[in-house]
Amino acid sequence: MSILLTGGAGYIGSTVASILKDEGEEVIILDNLTRSKKEYLPNGIKFYEGDIDDISLLEKIYNEEKIDAIMHFAAFIEVGESVIEPYRYYENNFSKAIKFFNYFIEKGIKKIIFSSTAAVYGEPQYIPIDENHIKNPTNPYGMSKLFVERFLESVERSSDVYHVALRYFNASGAYHNFGENHKPETHLIPIILEVALGLRDKIFINGDDYDTVDGTCIRDYIHVYDIAKAHLLAYRYLSNNKQSLKVNLGSGEGYSILDIIESCRKVTGAEIPVEIRERRDGDPSTLIASSNTAEAVLGWRREYLTVDAIIESAWKYHKEKFESSK
Ligand code: UDP
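J.: Is there a simple way to explain the pattern of salt bridges in this structure?
T.: Side chains that differ in charge, positive against negative, can pair when their charged atoms come close. Using the criterion set out here, one finds 22 salt bridges in the structure. The partner of E65 in a salt bridge is K46, with the nearest N and O atoms 2.8 Å apart. A residue pair is termed long-range when its members are at least 10 positions apart, and E65 in the loop between α2 (55-64) and β4 (67-72) and K46 in strand β3 (residues 46-49) qualify at 19 residues. D283 is the salt-bridge partner of R219, the closest N and O atoms lying 3.2 Å from each other.

J.: Any chance you could explain the site of the ligand here in plain terms?
T.: In the region of the ligand, 17 residues are neighbours, and F204, N206, R219, R280 and D283 sit closest. N170 places a side-chain nitrogen or oxygen 3.0 Å from an oxygen atom of the ligand. L188 places a main-chain nitrogen or oxygen 2.8 Å from an oxygen atom of the ligand. Surface burial for the ligand is 91%, taken as the share of its 520 Å² of free accessible area covered by protein chains. The set of elements that each furnish at least two residues to the shell around the ligand consists of α6 (188-196) and β8 (203-206). Here the element with the most residues in the shell around the ligand is β8; it accounts for 4 residues. The residue makeup of the shell around the ligand, split by class, is 9 nonpolar, 4 polar and 4 charged.

Cut-offs used in this document
- Residues numbered from 1 in each chain as written.
- Predicted model: local features only at pLDDT ≥ 70, side-chain atom pairs only at ≥ 80, totals over all residues.
- Heavy atoms only, no water.
- Salt bridge = Lys/Arg side-chain N within 4 Å of Asp/Glu carboxyl O.
- Helix = DSSP H or I, 4+ residues; strand = E, 2+ residues; numbered from the N terminus.
- Near = heavy atom within 4 Å.
- Polar contact = N/O pair within 3.5 Å; in protein donor to acceptor, adjacent residues only side chain to side chain.
- Areas by Shrake-Rupley, 256 points an atom, 1.4 Å probe, with all protein chains shown as cover.
- Nonpolar A, V, L, I, M, F, W, Y, C, P; charged D, E, K, R; others polar.

Written as structure tokens, this is what we have:
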């Protein structure tokens, strides 16, 4: 029996697919490569190219494979873009996703692992944020993910289809040759590392007037390897339990943008010039996870315990990528 994994050429999806394969699971990837490339696919995994709402392609996959579970990663992930182009986010992340899920639910698939996000919470009412915290997304990206969670909850009410929604905080770092490589890049750590490599002049900080210790936004950075391991645990959980679960994946520690820049300076030895610009629309000031559920229910343990260790792994990846592109 196989796990059908969408978005397996993406940053988190490719890391998860690779780790599942290493752990002896059968994995199949579906990806349309719109925001990725074939070369990012992990080796030795069967790949179908196409859209998640292409029913004739889903039919082909269903007829050719024996699917036990779905892990759905394929989505747009940029907060700023989602504010400017909300329709694309609701269409791609919500409408297409429920069509995709519905196809496989009607075929009898019972286990769904869904890539959700800390952006479902919005501005925190308390810290650390646990899974019961009120959901009030401050941007269409978070809302599109929350809608899918609501859909999966409705499905569960009327069937025996169970899901684990993994709410990632800030995925970062690199695992072997799987690293953060979005085109265009909008995420903080890879952009700072591009400055360290001389590929950009400076890092622009999106606002320094937030109600935080140094005025810049605080996030909870979690290594992509630790995120990937949680997917394996979620799959095992659904194989043994008839109950859905919402799970935060974070470290429980918050770092401001200035903290991250300082850590990148330490790790790279580069100066990293900074310029403050306007706030980015849709950004909550602080997101820090309580990961008690992941630890207590899934038995999850982080291996990357410091932000320096996360940035070191990302730096190694970016340096190698840069050297090989010369
Ligand atoms: N950020 C920034 N400059 C950049 C990219 C990001 O100041 O060039 C900020 C962003 O506004 C947010 C934090 O860094 O406050 C983390 O952003 P990222 O896009 O990496 O992840 P998100 O929290 O949006 O998922």
